[in-house]
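Understanding the architecture of this molecule
Spelled out, the chains give:
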Amino acid sequence: MAAKNLTTQEGRGNRAEAHSNGVLAVEKVTKRFGPHIVLDNVSLSIEKGKTTVVIGPSGCGKTVLVKHLIALLRPTSGEVYFDGRRIDNLSEQDLNEVRTHFGFLFQGGALFDSLSDFENIKFPIRQNNKVKNWREVEELVKNKLAMVGLDGFQNYYPANLSGGQRKRVALARAIALNPEVLLYDEPTTGLDPIRSDVINELVLKLQRELGVTTVVVTHDMASAYKIADRIIMLHSGKIVADGDAEHIRNHPHPDVQHFINGQVSEDDLAILRMSGTASQAQFHPRDFEA
Amino acid sequence: MFATLGARTIAGVGNIGQFGRFCWQTMGVCLRGCWSHKTYPLIWTQMHIIGVRSVPVVMITGAFVGMTLAVQAYDQLAEMGFEERLGYLINVSVVKELGPVLAAVMLAGRVGGALTAELGTMNVTEQIDAVRSIGTDPISYLVAPRVLACLFLMPFLIIYANLLGILGGYFVGVVQFGINSWAYWNFSASGVELWDVAVGIIKGFFFGGAIAVISCYKGFTCKEGAQGVGRACTEAFVASFISILALDFILVVVFKAIYSTFWPFKSLIG
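The following paragraphs examine the structure supplied in this document. What you see is a predicted model, and the numbers here were worked out from it, not measured in a lab.

**As for the overall build of chain A**
The helix and strand tally for chain A stands at 11 helices and 10 strands. Split into buried and exposed, the 290 residues of chain A put 41% on the buried side. A fraction of 64% describes how many contacts in chain A between residues 6 or more apart in sequence connect residues 24 or more apart.

**A look at the overall build of chain B**
Across its full length, chain B holds 10 helices and 0 strands. Reading chain B from its N end, one meets helices and strands in the order α-α-α-α-α-α-α-α-α-α. Judged by the C-alpha coordinates and their principal axes, chain B covers about 65 × 50 × 40 Å. Within chain B, the fraction of its 270 residues that count as buried is 44%. For chain B, contacts bridging at least 24 residues in sequence account for 88% of all contacts bridging at least 6.

**Thoughts on helix α9 (residues 225-262) of chain B**
All names here are of chain B. Taking 1.5 Å per residue as the helical rise, α9 with its 38 residues ought to reach 56 Å, and the 54 Å between its terminal C-alpha atoms agrees with that figure. Here α9 has its buried residues at Val229, Ala232, Cys233, Ala236, Phe237, Ala239, Ser240 and Ile244. Buried residues in α9 make contact with α4 (86-124) and α8 (194-220).

**Describing the interface of chain B and chain A**
Contacts between the two partners involve 11 residues from chain B and, on the opposite side, 18 residues from chain A. Broken down by class, the residue content of the side of chain B that touches chain A amounts to 2 nonpolar, 5 polar and 4 charged.

**Some words on the nonpolar core**
Counting 145 residues, the largest nonpolar core has Leu183(A), Met233(A), Val147(B), Cys150(B) and Ile211(B) as its most contacted members. Looking at which element gives the most residues to this core, the answer is helix α6 (residues 138-176) of chain B, with 20 residues. Sequence-distant contacts of Met233(A), defined by excluding residues within four places in its chain, comprise Ile55(A), Gly56(A), Val240(A), Ala241(A), Ile248(A), Val256(A) and Phe259(A).

**A look at the environment of Val65(B)**
Residue and element names in this part refer to chain B. Within the element layout of this structure, valine 65 appears in helix α3 (residues 55-79). Considering only alpha carbons, one finds valine 65 and leucine 102, 37 residues apart in sequence, at a separation of 8.7 Å. Contact partners of valine 65, with chain neighbours within four places excluded, come to Val94, Leu98, Leu102, Gly165 and Gly168.

**A word on unusual backbone geometry**
Positive phi, close to 50 degrees, is recorded for Glu186(A), a residue that is not glycine. On the neighbour-count criterion, Glu186(A) (22 C-beta atoms within 10 Å) is buried. Positive phi, close to 65 degrees, is recorded for Glu126(B), a residue that is not glycine. Along the chain, Glu126(B) falls in the loop between α4 and α5 (127-133).

About the cut-offs
- Residues numbered from 1 in each chain as written.
- Chains lettered and ligands numbered in written order.
- Predicted model: local features only at pLDDT ≥ 70, side-chain atom pairs only at ≥ 80, totals over all residues.
- Helix = DSSP H or I, 4+ residues; strand = E, 2+ residues; numbered from the N terminus.
- Buried ≥ 20, exposed ≤ 12 C-beta atoms within 10 Å, placed from the backbone.
- Contact = placed C-beta atoms within 7 Å.
- Expected span 1.5 Å × (residues − 1).
- Nonpolar A, V, L, I, M, F, W, Y, C, P; charged D, E, K, R; others polar.
- Core = buried A, V, L, I, M, F, W, Y, C linked by C-beta atoms within 7 Å.

Structure follows, in structure tokens:
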């Protein structure tokens, strides 16, 4: 009950805040896939020039939320704004211009596998006619790759790169048009801790050097604490916590504490115990500190 | 049971609507793409993949069709003493029907499957979303060049299939069965009018467009995972095959009506 009250209060706070000074805002957005509600009346505003991190367990709607910000998905109900302009009701043709203000790093990188790194980064530049001179394009691609520490990898193909390198090339492509907003979908997933930290440092570097508004979706708490100015936690399609790292660490909501401490909840444990395996003892949570 | 039937009907109508919208968008983008120099390199690349690389397989198909027809028809014609008219029969069959339809079926199998698999993989690995996120219309970048390449090159592939079909028939009829060469060519020329050749080529535009649009649509809407891509490829081929046969029937009826209408005026023209 206490948890529910907290959720409601945070929700009201967010709705009042939406539109106030945000470059991006979603207002009362609900998204359904068939009977399944993924986002449930979510409202939030993203502050310009800051790094906002969206955390939450797998399947809670983080990726769906970030895809709404660039209108790759349209809400079932509710509104999405960019720079005060409503974008969720625009045609795909009108959205093409809006999307040039964004850079999006997809979870798997989504590099065009038939193109080399050079061609991948050149793609948004040529498609949007930003630079016409061939030498300038070459120089620009070189600069973008240098920013992510991969200058010299121009002629490599995505298949020849490691997971971390692929994400960095994808990041170079995302910043090719000097976007105002950078959206990252699980940038450190599938990477070892060192490569994850390289990506975290890159997020910070790009935010510092380009002054972009950054939204990062992750369930990597070390990454969230390191890069976030503000952390938002989604749970079952609703925002259950919203504040800086300290606020999240001390948040009283049990779901928030379970998530940030990486603990399985009693409900999940009960389900596992009911599944009837030979040894039920294995489902007692281990206490590593004991 | 009624609920399932209703849900399937609604889903079916929804799919038809979605496909109709996809076709409409593609048509608009293709018309614009024809005049945009930015599209030309993309069309050129696709023409090489779709057209040039399909030439050998289409030629082999055409040759075997012609040879098989000759073997099948020779005995029956010889019984009636009409074996010298073998060229007539082969030309009419190949140019009017078998050449265009079988070349289109080969293209549906070779190119349609590849298009669906390529775009389907791009879809499930979020590459199509990546194109959109960059501010580029995926239909204009991915679909239009493929559709235009199929549209422009299918008629040429049909010409190759027809040519090899006739030569295949010649090889079996003249070289193997010893029909008079002059008779073969003479009857071949008398059996087929320019109109028949033109109809076969016009059919190619429709077949090429249908194969490309269906294959691209199936790729764009394929479900997640390897199974989803595999299923989309199968569905694309089946839908393309049925469309080719259905379009062939419709076009034959339409062109026959046009021919019958203008037949009386033919003598006035030529």
